[in-house]
Amino acid sequence: MTTPVPSEVDLFVIGAGSGGVRAARIAATHGAKVAVAEEYRVGGTCVIRGCVPKKLLVYASRFAHEFEDAAGFGWSVPEPAFDWATLIANKDKEIDRLERAYVANLEKAGVGIIRSRAVLTDPHTIRLAGGESVRAANVLIATGGAPSLGAAIPGREHVISSNEAFHLPSLPQRVLIQGGGYIAVEFAGIFAGLGSAVTLIYRGTNILRGFDDDVRTHLRAEMERRGIAIMTGDTVAGVERTGDACTVTLTGGKRIEVDRVMFATGRRPHIAGLGLDAVGVRLAENGGIAVDELSRTSVPHIYAVGDVTNRVNLTPVAIREGHAFADSVFGGRPTRVDHTNVPSAVFSEPEVGVVGLTETQARERHARIDIYKSTFRPMKATLSGRETRVMMKLVVEGSGGRVLGCHIVGEGAAEMVQMVAIAIKMGATKADFDATMALHPTAAEELVTMRTPTARYGVEAAE
Ligand SMILES: Cc1cc2nc3c(=O)[nH]c(=O)nc-3n(C[C@H](O)[C@H](O)[C@H](O)COP(=O)(O)OP(=O)(O)OC[C@H]3O[C@@H](n4cnc5c(N)ncnc54)[C@H](O)[C@@H]3O)c2cc1C
């Protein structure tokens, strides 16, 4: 699977993740001689220890509710039993299959795969772990990000990140997760669904900083309703191992005993030891590699895409940036990536899907804003008896103007928002939403039937 190391290439890609793989493959189809180095596994974070394995665990965790909800529809389900080892083994098999598919696609395109860490020694020279050097006319840095466990605290060696969470030998009965971002929230839902008692600790005032405030409030209440203990305004001060368990001390003085402690306290660009200083590649204020809109770094012929640039850290964005880079540099077609209105999801329980501006952002940027918000009991919950509510919100410019943002918390939110994102990208107005016939009975029909604003801003000033 490792190709002989070439002495010279047109493009050397460091990192075979979402962005690197796409860039390498497209550059090769444009006729370039391409090599890609990968120090861990081909596919990168998303395929190996991010989106894909995470979503598989999310699916697994959601069966718990399905079994419970079935009773109201007349089913009697024998006491279900869950086996962590089976889930992890099946998940690993699927990840192996995907990795093989990524390798095959690269090979089919004629890309040389080098299984090694790669570092820059000068702007056109890459050194591999075995000491070999490769000369490259162009270099693409696509090394992604890595979990950041924050400041050193006593007992940090007992803390796991999302990387290890995918390979735990057994399902912990009690888990403490520190963090308020999407990865923390998703793992809280995964562990809780699979049967663990989960405590989520976050230093801020509420989870999912940066999301619309209504999403944050609604999701928190739903998670608490599902038994997840959420403690905000506190942080982990230390972790002590006591036999098989860990005693966690919080800054506020509280002590909690759990079986596993996981930190999901952010990710940082993966640039340590890459040789960036030596070759003069500048960093941006956010710690990522500084690039222009064509993903060019401060050094000619060195480019960077994906999480290492810390722009919008999502797989489809890294892929789009990698593709645009290859088209720009090897396809003779300079291509810029539009980073606005990127839809995103939190695969929590219940799910979150969002696109566009939050209410706060819209109020800062637009003189007149209408808010349409609806919370309702989903139809399935009537017979299942589950206490849950869906929240949908549209942020609209002026009166009946462009829809600037859509925020949904509830089953299927991510799937719905992917479609709404097309309309928003096309500049759809609230009038376009209103003119669209409802599809009944669905939850999504609420998006085209919200008639009266629940809040209006800037109206008096404009009238
Ligand atoms: C738990 C988790 C869940 C996520 N869920 C989602 C999701 O649901 N949806 C979504 O869109 N995004 C999700 N993401 C984010 C997504 O995984 C990243 O945005 C995406 O993988 C970025 O792609 P990339 O090409 O920039 O880097 P990566 O995919 O991280 O690839 C970088 C590769 O470079 C390799 N590498 C690093 N340094 C070197 C070196 N010096 N030499 C050789 N190889 C090197 C690494 O081993 C890695 O394979 C998730 C991330 C995590 C951690």
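Here we summarise the structure given alongside this text. (Residues numbered from 1 in each chain as written. Predicted model: local features only at pLDDT ≥ 70, side-chain atom pairs only at ≥ 80, totals over all residues. Heavy atoms only, no water.)

Looking now at the sheet that holds strand S22 (residues 403-409). Read across the open sheet, the six strands follow the order S18-S19-S22-S21-S20-S23; overall the sheet is antiparallel. Each end of this open sheet is capped by a strand with a single partner; those strands are strand S18 (344-346) and strand S23 (455-457). Between one strand axis and the next, the sheet turns by 15° as a mean value, whatever way the strands run. In terms of strand pairing, S18 meets strand S19 (residues 352-356) through three bridges, oriented antiparallel. The residue of S19 that forms the bridge with serine 344 is valine 354. In the packing of helix H12 (residues 413-425) onto the sheet, the strands contacted are S18, S19, strand S21 (390-397) and S22, and the crossing angle to S19 comes to about 10°. (Pairing = 2+ DSSP bridges. Helix = DSSP H or I, 4+ residues; strand = E, 2+ residues; numbered from the N terminus. Axes fitted to C-alpha atoms, helices over the stretch in contact; angles between N-to-C directions. Contact = heavy atoms within 4.5 Å.)

In the neighbourhood of the ligand, 38 residues make up the surrounding shell, with Gly19, Glu38, Thr45, Lys54 and Asp307 lying closest. Contact with the protein chains removes 95% of the 1000 Å² of surface that the ligand exposes when unbound. Considering each element in turn, the shell around the ligand owes the most residues, four residues, to helix H2 (residues 44-49). Residue composition of the shell around the ligand, by class: 14 nonpolar, 16 polar and eight charged. (Near = heavy atom within 4 Å. Areas by Shrake-Rupley, 256 points an atom, 1.4 Å probe, with all protein chains shown as cover. Nonpolar A, V, L, I, M, F, W, Y, C, P; charged D, E, K, R; others polar.)

Bringing the sheet that holds strand S10 (residues 197-202) into the picture now. Within the open sheet, the five strands sit side by side as S8-S15-S9-S10-S11. Their pairing is parallel. Strand pairing shows two members of the sheet lacking a second neighbour, strand S8 (159-160) and strand S11 (229-232), which therefore form its edges. By the bridge criterion, two bridges tie S8 to strand S15 (residues 260-263) in an arrangement that is parallel. Bridged to isoleucine 160 within S15 is methionine 262.

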